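# Survey of secondary and tertiary structure
What follows is each chain in one-letter form.
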Amino acid sequence: MRTVRRPPTLSGVSDDRSKAPLAVFDLDNTLADTTHRQRFLERRPKDWDGFFSAAPQDPPVPEGIALVQESARECEIVYLTGRPERCRRDTLDWLAAQGLPEGRVHMRRDADRRPARFTKLEILRRLARTREIRVLVDDDELVCADARRAGFTVLRADWVTRSAEMKAAQEREGRT
């Protein structure tokens, strides 16, 4: 078996990330604690504009932050969120403010209301066509179950308690 060596950088680690496996991370309740804004989902009708406009104030989730930083040592990081595309600027600013590794951010189209388990699995399969996916880290039970059934390695982020409204938003309403 022939070993291919990549050129080292100053730190001794190759800077060629194009072949590194992917570590795919959800945002809400995986890296970002949405507890403070779940109240917007308890209203009737739900205040989606308020919910998403409060996202820049999300505190980071220490367990998720540590895991993404650890994963970045061997993997290229990809962020996969059910947040709508209109939240991209706030999302990118939040990721940068946390000092998280740069990575592609895949977001739901603004009008896409399919459950997260469908939108996320579609993107995972597309990514897996050209790259190894080392792990998916997500808090949504149904996303995790479907990804496991599809053959992906999954780590369920169970470190933040989701309200019933947040769970419904993720699993049935196709909103986050």
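Coordinates for the structure precede this section.
Quantities reported herein were computed from a predicted structural model and do not represent experimental measurements.

Definitions and limits used
- Residues numbered from 1 in each chain as written.
- Predicted model: local features only at pLDDT ≥ 70, side-chain atom pairs only at ≥ 80, totals over all residues.
- Heavy atoms only, no water.
- Helix = DSSP H or I, 4+ residues; strand = E, 2+ residues; numbered from the N terminus.
- Buried < 20%, exposed > 50% of the residue type's maximum accessible area, 1.4 Å probe, protein only.
- Arc of directions from axis to C-beta.
- Contact = heavy atoms within 4.5 Å.
- Salt bridge = Lys/Arg side-chain N within 4 Å of Asp/Glu carboxyl O.

Let's shift gears to the environment of Gln57. Note that Gln57 resides in the loop between α1 (48-53) and α2 (62-71). Taking C-alpha positions, Gln57 is 8.9 Å from Thr34, a pair spaced 23 residues apart along the chain.

Side chains that are three or four residues apart share a direction in an α-helix, a result of its 3.6 residues per turn. Every buried residue belonging to α2 is among Gly64, Ile65, Leu67, Val68 and Ser71, and all of these are buried. End-on view of α2: buried residues confined to an arc of 165°, all on one side of the axis. Its buried side turned inward, α2 meets β1 (22-25), β2 (76-84), α3 (88-97), β4 (133-138) and β5 (154-156).

Attention now goes to the pattern of salt bridges. Pairs can form between side chains of opposite charge whenever their charged atoms are close. A full pass over the atoms with the stated rule returns 20 salt bridges. Among the ionic pairs, Arg37 bridges to Asp28, the shortest N-O distance being 2.9 Å. Per residue, the accessibility class of Arg37 equals that of Asp28, and both read buried. A salt bridge links Arg156 to Glu141, with the shortest nitrogen-to-oxygen separation between them at 3.4 Å. Pair noted here: Arg156 is in strand β5 and Glu141 is in helix α5 (residues 141-149), with a separation of 15 residues, a long-range link. Residue Arg156 is classed as partly exposed on the basis of its relative accessible area, which comes to 29%. Judged by its relative accessible area of 35%, Glu141 falls in the partly exposed class. What emerges from the salt-bridge pattern is a single network uniting Arg108, Arg109, Asp112, Arg114 and Glu122.

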